[in-house]
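Each chain is listed here by its residues.
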Amino acid sequence: WMSGSVLLVTKEKIDSVFIKYNLYTDQLQVKVDEKEYEFSTDVREFLLPDPVTGDISLFRSGFIAVPGMNERSFYKILYDGKTKLLVKHKKLIGSEMTSTPGVKARVFEDQKSYFILSASGKMEKIRKKNKEILDLLEGKTDELKKMIDAKKMKLASDEEIISLLEYYDSLK
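Here is a short report on the structure shown in this document. (Residues numbered from 1 in each chain as written. Predicted model: local features only at pLDDT ≥ 70, side-chain atom pairs only at ≥ 80, totals over all residues. Heavy atoms only, no water.)

Let us now look at the environment of Leu47. Here Leu47 is to be found in strand 5 (residues 43-49). For Leu47, a relative accessible area of 32% puts it in the partly exposed group. Along the primary structure Leu47 and Glu124 are separated by 77 residues, whereas in three dimensions their C-alpha atoms are 24 Å apart. Apart from residues lying up to four places away in sequence, Leu47 is in contact with Gly4, Ser5, Ile19, Ile56, Ser57 and Leu58. (Helix = DSSP H or I, 4+ residues; strand = E, 2+ residues; numbered from the N terminus. Buried < 20%, exposed > 50% of the residue type's maximum accessible area, 1.4 Å probe, protein only. Contact = heavy atoms within 4.5 Å.)

Here is the structure:
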């Protein structure tokens, strides 16, 4: 449990509340008087500190549905400009055989998917590759290619993609 802030779809803001984001169910839980609850009103966004770095992370729902997700799915916002870079974290549960015959062990798998949401509202899943990302950014391809070449960018890190999107948004 971490202390965070929650913004409901009703625009009501709740600060300094103990919350936990369940990556398996894609639900935000709240702790009140040592009891766990789910919000009865839809959550628009929430802020949580990263347990490793301490950096504050913004999660938001309300985006258009893509396969496997809906409008209530939460995405971590990596870049929040006219064009947005989102990442969807999921926890999958599976099983695998153990060395003991007939015994299966539960296996937890972390899944991370990246999306670009254009200013026109088009949301596309991406893989971190130059060509694929450039294909999604309408117009200004020549300027973007010059920037990528000048900075020798591979667009393999979050920071490089964010830098590209900041530059792209400044060109519009």
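An order of 4-3-2-1-5-6-7-8-9-10 is seen for the 10 strands of this open sheet, with the pairing classed as antiparallel. Of all strands in the sheet, those with a lone pairing partner are strand 4 (35-38) and strand 10 (123-126), marking the two edges. When the angles between neighbouring strand axes are averaged without regard to direction, this sheet yields 40 degrees. Across 5 bridges, strand 1 (residues 2-8) lies against strand 2 (residues 13-22) in antiparallel orientation. Pairing of Gly4 across the sheet is with Val17, part of strand 2. Across the sheet, helix 3 (residues 158-171) lies against strand 7 (75-80), strand 8 (84-97) and strand 9 (104-117), angled at about 50 degrees from strand 7, the strand it touches most. (Pairing = 2+ DSSP bridges. Axes fitted to C-alpha atoms, helices over the stretch in contact; angles between N-to-C directions.)

Moving on, we get to helix 2 (residues 141-150). Here helix 2 has its buried residues at Leu144, Met147 and Ile148. Each buried residue of helix 2 sits inside an arc of 100 degrees when the element is viewed along its axis, so together they form one side. Pointing more than 90 degrees away from the buried face of helix 2 are the exposed residues Asp142, Lys146, Asp149 and Ala150. One or two positions beyond helix 2, positive phi appears at Lys152, with a value near 50 degrees. (Arc of directions from axis to C-beta.)

A cluster of nonpolar side chains, contributed by Tyr24, Ile93 and Phe108, occupies part of the molecular surface with about 320 Å² of accessible area. Structurally, Phe108 can be placed in strand 9. (Patch = residues over 30% accessible without salt bridge, like charges linked within 9 Å, V, L, I, M, F, W, Y side chains within 5 Å. Areas by Shrake-Rupley, 256 points an atom, 1.4 Å probe, with all protein chains shown as cover. Salt bridge = Lys/Arg side-chain N within 4 Å of Asp/Glu carboxyl O.)

Another point: helix 3. Over its 14 residues, helix 3 runs 20 Å from end to end, which matches the ideal 20 Å to within 8%, given 1.5 Å per residue. Residues Asp158, Ile161, Ile162, Leu164, Leu165, Tyr168 and Asp169 constitute the buried set of helix 3. Taken end-on, helix 3 shows its buried residues confined to a sector of 160 degrees, consistent with a single buried face. Exposed and oriented more than 90 degrees from the buried face of helix 3 are Glu159 and Ser170. (Expected span 1.5 Å × (residues − 1).)

On to the nonpolar core. In globular proteins that are soluble, nonpolar side chains generally tend to be buried together. By size, the foremost hydrophobic cluster in this structure holds 20 residues, and its most contacted members are Leu85, Ile133, Leu137 and Leu164. Elements represented by at least two residues in this core include exactly strand 8, strand 9, helix 1 (130-136), helix 2 and helix 3. At 5 residues, the largest contribution of residues to this core is made by helix 3. Not counting residues up to four positions away in its chain, the partners in contact with Ile133 are Ile116, Ile126, Arg127, Lys128, Leu155, Ile161 and Leu164. Within the second largest apolar cluster, 12 residues are counted, among which are Val17, Ile19, Tyr21 and Leu48. (Core = buried A, V, L, I, M, F, W, Y, C linked by side-chain atoms within 4.5 Å.)

With that out of the way, let us pick up the packing of aromatic side chains. Counting across every chain of the model gives 7 aromatic pairs. Here Phe46 and Phe74 contribute two aromatic rings whose centre-to-centre distance is 5.0 Å and whose plane-to-plane angle is 75 degrees, an arrangement assigned as edge-to-face. On the criterion of sequence distance, the pair formed by Phe46 in strand 5 and Phe74 in the loop between strand 6 (56-60) and strand 7 is long-range, its members being 28 residues apart. An aromatic cluster of at least three residues, connected via ring pairs, comprises Tyr21, Phe46, Phe59 and Phe74. One Lys or Arg, Lys88, reaches over the ring of Tyr75 and ends 5.8 Å from the middle of that ring. (Phe/Tyr/Trp six-rings, centres within 6.5 Å; stacked < 30°, edge-to-face > 60°. Lys NZ or Arg CZ within 6 Å of the ring centre and 35° of its normal.)

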